[in-house]
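Coordinate inspection notes
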Amino acid sequence: MSEIILDRQHAPDLGLAAKARAKIRTRRATPVTQDGPWLRAILVTLAAAFLLFFLVLPLVAVFYEALRGGIATYFAALTEPDALSAIQLTLTVAAIAVPMNVLFGIAAAWAIAKFDFKGKSFLVTLIDLPFSVSPVVAGLIYVLLFGAQGLFGPFLQAHHIQVIFAIPGIVLATVFVTFPYVARELIPLMESQGTLDEEVALTLGASGWTTFWRVTLPNIKWALLYGVLLCNARAMGEFGAVSVVSGHIRGYTNTMPLHVEILYNEYNIQAAFAVASLLALLALVTLATKTLLEIYFGENLGGKARRQ
Amino acid sequence: MLSSLRRPSILPGFGFAFGITLAYLGLIVLLPLSALVLRASGLGVSGLWAIATEPRVLAALKVSFGLALAAATVNAVFGTIVAWVLVRYEFPGRRLLDAAVDLPFALPTAVAGIALASIYAPNGWVGSLVAPLGWKIAFTPLGIAIALVFVGLPFIVRTIQPVLLDLESDVEEAAATLGASRLRTLLQVVLPVLVPAILTGFALAFARGVGEYGSVIFIAGNLPFVSEIAPLLIVVKLEGFDYTGATAIATLMLGAAFLVLLAVNLIQAVARRRLGNV
Amino acid sequence: MQVRAQNIIKRFDGGPGNAALDDVSLDVGSGELVALLGPSGSGKTTLLRVIAGLEQANSGQVFFGDEDASQKSVQERRVGFVFQNYALFKHMTIAENIAFGLEVRTRGTRPPKAEIKRRVLELLDLVQLSGLDKRRPAQLSGGQRQRVALARALAVEPKVLLLDEPFGALDAKVRRDLRRWLREIHDRTGHTTIFVTHDQDEALELADRVAVLSKGKIEQIGTPDDIYDHPATPFVHDFIGEASSLPVVARDGSFWLGAERIGLPVLGGQAGQGRLFVRPQDVVFDQAGGIPAEVVAVRRTGAARRAEIAFPALGGERVEINAPAALNFQPGETLPVRFMRGTFYPG
């Protein structure tokens, strides 16, 4: 017995078109969860105005004030000897502090994200601590440790080692303040990636180091890059902690932010903003890099930290 | 000993990485902090109390804590709106605004400080607009609050954003099929789920505001009893070689920071227990 | 209540490209339990959401009874909708979840507190979750959450119950139990019910009628027997149950596989090329004679064997058929097979 039915159409294939359509559906807001046009307009305007007013306006002001007296004055302010030595010191400090924190950040993320152990959340809290400690307090604790009246003060004096009011103190304070940035960027990403890739590499006979260099590192390189950039921007821009330990010695222990403060307090406003504009530029490059990374590698770099 | 602390894994390097982490944490963070605690313990509770209740210290603590609270409140409201708009709406310039939210993380505080001071000074862009009304922003507590709003905003927005992204739209649709109006859905279904994130962001912004120094001192005016913040008073005491006074204030602020961290962890734990991952 | 969807067209990108729903009509009788079955992207969930008012169709109408609901908001339509991942309100207790639809009613139509409480307990009893009213969703298992979601949807006394992949996120055992249980609840409450599934067993076992969708169109709608025994299109034949197909020619009252005549009569004056769809039990080995087929592979499947056979005349085309376990043959052997049944689709 057979059944004969007039066919209208040949059997369809269910390939990409179906998938594409499913994707469209999940990505768009459904009519029900869409706010009305008025509410949208009001909220967008409110948010945009708030951000423009509080965030963008100060940024614009930096460049406006810096260039107000003309381009020649601008460059003169950047090339005078005190400014140059401040720039040099800032670069030196960042060149020491950032690699230290990168090494720590990777080690901490490896231990925390790839292993389970008791007291893990307490450890994470400790790593977050510098976010919540006032930069002035951060500076103070190093003064109490290494200053003339500090715990190790007599010992250091006896051996003619100067930490406070000198470069080592500035580096230490900077390291403290920028301590969590790399770790914080890496931990959520590495936690979400799990340990499967590494386990596969190990079962294929790779050594621990090879596994890290060829499997783990490529997986986290973009988050690491952003962590490094953010850590660097904070390191170069740190003010409160450095201010306490530096002693403000012109041409010797003045970093760029401290130089900005001195110029500003001397009413040398344009020069202050000129130096500030370099730091603002650094911030912009940092944010632009992050935005580009997000555009190319997805919304999240895999790990937008719970707190920065 | 380490192996008894952790669950077994075939991945190597735990001891090495864990060792580096602990050593570094100990040397950079814990040792210096314990120097502070050690010094403060010499004062005793009564000594701490005596310094904390000095009129000038008390006034500075009030300014720092009070304005940090006010700024965190402003940020809780606007930060929630900003996060909602950035996650839920598609509009030109969205990416730019999203990037701008991180600005306070990346812009050095001193730079932000002089920029805010110049905008809100009586002859600045905004200051000159309100000056005819007899209002003064820079060099008053209001100026401090504005600086604290600036530094605190990303904490709130960046804490709420991931929660909003994870929030499935089907919950809102379910409320609609059950007859709830959009407003009711937003208030009774969406907002309660955001509360832990808002509180966490609030606490973080508050902690940051209490300790903030660089962006505040340029706009504050730094008038004792009126617009002098606690961190500045630490610096003032240090410059006068009053290490004891500085230590006392710093200890109080460190205690507050610890309390905030504790509160954040508590909020997260309660939220995880109550909401789970449904 | 009767539910009718008429000539529904729904496009997501607004362009003239593939429509998610391409002129779909569906009639569901009062108290009927209908399954929308299809692969992902076939439009089944979209149709359900259009009926609920969660999506606006580009054209077409939705009727509840005689009433045109097309222009009504989702809130006004009063449908009970159960979401694929339950969509429970995590911050509310089970009782608060179920009561939500009653609590949000306007002052005049809202039942008094005691009445709401009574209804919640009654519904908890119906879905066999009595005593769990104070718990939160995070404290329940997947199957329990599913039942809370159903109770919440039933609480508003909906005109129609709509379920989107109601068992999609559950493991196999719980799925089967809940399936039977849902059928009982339906029979007891008598709600007109439409549910979406991609699982044919679920659709065939549970539903009064099944609508098979593909590419935004309803390919066939009918009872489970209709759908399985008389598939209307090659898609349905392929999608429901197991099937293989062969290129054949209808000529002179017979089907021809190359030069071999298949012993099935051509009905209705069909002629020309097309494909013959057969199920594994439709083709048998027959020592008495038939079309020679080469055994390519044999698998043991429980009580029987499953053989993959190829016809030398056709090159690569293969068909899967059932064979008795007693028949022990090897790959490479050539055996005669006979066609007992098949469905021809020209084209």
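Residues numbered from 1 in each chain as written. Chains lettered and ligands numbered in written order. Predicted model: local features only at pLDDT ≥ 70, side-chain atom pairs only at ≥ 80, totals over all residues. Heavy atoms only, no water.

What follows concerns the overall build of chain C. Along the backbone of chain C there are 9 helices and 20 strands. If one aligns the C-alpha atoms of chain C with their principal axes, the spans along those axes are about 80 × 45 × 35 Å. When the 347 residues of chain C are sorted by exposure, 53% land in the buried category. Within chain C, contacts between residues separated by at least 24 positions form 66% of all contacts whose residues are at least 6 apart in sequence. Carbon together with sulfur atoms contributes 47% to the accessible area of chain C, which is approximately 14,400 Å² in total. (Helix = DSSP H or I, 4+ residues; strand = E, 2+ residues; numbered from the N terminus. Buried < 20%, exposed > 50% of the residue type's maximum accessible area, 1.4 Å probe, protein only. Contact = heavy atoms within 4.5 Å. Areas by Shrake-Rupley, 256 points an atom, 1.4 Å probe, with all protein chains shown as cover.)

What follows concerns the sheet that holds strand β2 (residues 21-28) of chain C. All names here are of chain C. Ordered in space as β2-β1-β4-β5, the 4 strands form an open sheet in which the pairing is antiparallel. Strand pairing shows two members of the sheet lacking a second neighbour, β2 and β5 (67-68), which therefore form its edges. Bridging between strand β1 (residues 3-10) and β2 involves 6 bridges; their strand directions are antiparallel. By the bridge assignment for β2, Lys-10 is matched with Leu-21. With respect to the sheet, helix α1 (residues 44-52) is in contact with β1, β2 and β4 (59-64), its orientation differing from that of β2 by roughly 65°. (Pairing = 2+ DSSP bridges. Axes fitted to C-alpha atoms, helices over the stretch in contact; angles between N-to-C directions.)

Each partner contributes residues to the interface: chain A has 99 residues there, and chain B has 103 residues. Roughly 9,200 Å² of surface becomes buried between chain A and chain B when both sides are summed, with 76% attributable to carbon and sulfur atoms. Inspection of the region where chain A meets chain B yields 2 salt bridges. At the boundary of chain A with chain B, the tally comes to 12 residue pairs in polar contact (both at pLDDT 80 or more). Among the elements that line the side of chain A that touches chain B, the one with the most residues is helix α2 (residues 37-67) of chain A, at 21 residues. Of the residues assigned to the side of chain A that touches chain B, the class counts are 67 nonpolar, 16 polar and 16 charged. (Buried area = accessible area lost by both parts, 1.4 Å probe. Salt bridge = Lys/Arg side-chain N within 4 Å of Asp/Glu carboxyl O. Polar contact = N/O pair within 3.5 Å; in protein donor to acceptor, adjacent residues only side chain to side chain. Nonpolar A, V, L, I, M, F, W, Y, C, P; charged D, E, K, R; others polar.)

A separate point is the nonpolar core. Core analysis: the largest hydrophobic core is formed by 200 residues, its most contacted members being Ile-127, Phe-176 and Leu-186 of chain A together with Leu-107, Tyr-120 and Ile-234 of chain B. The dominant element in this core, judged by the number of residues it contributes, is helix α4 (residues 81-114) of chain A, at 17 residues. Counting 45 residues, the second largest nonpolar core, distinct from the first, contains Leu-33, Val-82, Leu-140 and Leu-150 of chain C. (Core = buried A, V, L, I, M, F, W, Y, C linked by side-chain atoms within 4.5 Å.)

In short, shape yes, function no, at least from these values alone.
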